[in-house]
Amino acid sequence: MRKNPDPTDARDALLRDIAERHLFLETLETRNADGLDFHDHAVWAIRSALEAAFEAGRCAATNS
């Protein structure tokens, strides 16, 4: 018997992909270490990540 896919799994995978491609983050998981959990990013990288997330939301809205 197949389990129904959890829609948050697809969302989380997309967020991980955006974080990796635009912010060069290994994970979005909390690792309880300042050196691993806090990062400095250029404003253009943050903008790029936000634009990718916005576009993903726009595409999801038109496909539903």
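Read on for a plain summary of the structure. (Residues numbered from 1 in each chain as written. Predicted model: local features only at pLDDT ≥ 70, side-chain atom pairs only at ≥ 80, totals over all residues. Heavy atoms only, no water.)

Regarding unusual backbone geometry
One non-glycine residue, Phe 24, lies in the positive phi region at around 55°. Despite not being glycine, Asn 32 shows a phi value in the positive range, around 55°. The class of Asn 32 is exposed, set by a relative accessible area of 72%. (Buried < 20%, exposed > 50% of the residue type's maximum accessible area, 1.4 Å probe, protein only.)

Considerations on helix H1 (residues 7–23)
Taking 1.5 Å per residue as the helical rise, H1 with its 17 residues ought to reach 24 Å, and the 24 Å between its terminal C-alpha atoms agrees with that figure. If you check which residues of H1 are buried, you get Ile 18, Ala 19, His 22 and Leu 23. Buried residues of H1, seen end-on, are gathered within an arc of 100° and therefore sit on one face of the element. Opposite the packed face of H1, turned more than 90 degrees from it, sit the exposed residues Ala 10 and Glu 20. Summarising the contacts, the buried residues of H1 are in contact with helix H3 (43–62). Downstream of H1 by a residue or two, Phe 24 has a phi angle that is positive, lying close to 55°. (Helix = DSSP H or I, 4+ residues; strand = E, 2+ residues; numbered from the N terminus. Expected span 1.5 Å × (residues − 1). Arc of directions from axis to C-beta. Contact = heavy atoms within 4.5 Å.)

Some details on the pattern of salt bridges
It is possible for side chains of opposite charge to pair when their charged atoms get near one another. Here the structure, examined in full by the defined rule, presents five salt bridges. Between Glu 51 and Arg 47 there is a salt bridge whose closest N-O contact spans 2.9 Å. A residue pair is termed a helical-turn pair when its members lie 3 or 4 positions apart in one helix, as Glu 51 and Arg 47 do in helix H3 at four residues. Under the relative-accessibility criterion, Glu 51 is labelled partly exposed at 44%. (Salt bridge = Lys/Arg side-chain N within 4 Å of Asp/Glu carboxyl O.)

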